[in-house]
Amino acid sequence: MLRRRTLLKQTIVVDLNTKLLLHFDGSVVDASPYSVPVSAEAGTSFAAGKFGQGFIGKYITSFADPSPITTPDGYISDIIKGDFTFECWFEESTISNTDGANLITSSVNTDGSRFAFSVGISPKYNFPPLGRSVTVVEGLSGSYSTIAESVVDASYLSGWCHLALTRQGSVLRLFINGTLVGLNNSYTYDGTGNDGVKTYIGIDTTLIDELRISNIARWTANFTPP
């Protein structure tokens, strides 16, 4: 008896909106469709992460220092001229209680005094009642100004947490664990003043995992973190 074999075709979906994807499984390699050349600076390391392994950066003392995760100059600055999503997982207990954390800062000049946005988590003991806060600030004017409401209470955070910052036109949204916690309706960065300088990622010893940067606003309402 002849058996007829059915061949199933597998459709591979390529997400062209993912411009940078770092799994951190023992190395820093871009898994996006663009194979962006990235590298880890000396002094960084890996540890057990949310999914497999995660990345531990290092403290930098000035913006003259290289970013712990090096990306091509201007690459991320160009992406965030329009709609974007920055997201990653971080382990709350690894955030310094005295120094806090900085997940990303996208500079637009060489000394880091002007930047499109920066996502920070406060030192634990600077925000009553002995908790955390999350802020998104910009420094395009040469001085810091909050662009996602003010200080977002994050004292409830523990363990692995997902953070996402999305831009849709002039609307900037901040999500923690898929819940909208910050909103700004007048974000206007269009690349003005961008001279192709660095984006700084992993500039402290917070454990992070699954970092993705996209050229779309992936979420505009509450969602389940991927």
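Structure shown above.
So, a few notes on the structure that sits alongside this text.

Remarks on the pattern of salt bridges
Oppositely charged side chains are able to pair whenever their charged atoms sit close together.
Piece 1. Inspection of every chain in the model, using the stated rule, returns five salt bridges.
Piece 2. In this structure, the salt-bridge partner of Arg218 is Asp15, at a minimum N-O distance of 2.6 Å. Linking Arg218 in the segment after strand E16 (207-214) with Asp15 in the segment before strand E1 (18-22), this pair joins segments that are 203 residues apart in sequence.
Piece 3. Residue class for Asp15 comes out partly exposed when judged on its relative accessible area of 27%.
Piece 4. Residue Glu92 pairs with Arg132 through a salt bridge whose shortest N-O separation is 2.9 Å. You can see Glu92 sitting in the loop between strand E6 (84-91) and strand E7 (101-107) and its partner Arg132 sitting in the loop between strand E8 (115-121) and strand E9 (133-138), a full 40 residues away along the chain. Exposure class is identical for Glu92 and Arg132. Each is buried.
Piece 5. The network of salt bridges with common partners includes Asp15, Glu87, Arg212 and Arg218.

Let's talk about the environment of Leu22
Piece 1. Relative to the helices and strands, Leu22 is located in strand E1.
Piece 2. Between the alpha carbons of Leu22 and Arg212 there is a distance of 6.4 Å; along the sequence they are 190 residues apart.

Re unusual backbone geometry
Piece 1. Positioned with a positive phi, Ser35 is a non-glycine residue whose angle comes to about 45°.
Piece 2. Take Ser35: it is sitting in the loop between E1 and strand E2 (39-40).

Here is what the cut-offs are and how they apply
Residues numbered from 1 in each chain as written. Predicted model: local features only at pLDDT ≥ 70, side-chain atom pairs only at ≥ 80, totals over all residues. Heavy atoms only, no water. Salt bridge = Lys/Arg side-chain N within 4 Å of Asp/Glu carboxyl O. Helix = DSSP H or I, 4+ residues; strand = E, 2+ residues; numbered from the N terminus. Buried < 20%, exposed > 50% of the residue type's maximum accessible area, 1.4 Å probe, protein only.

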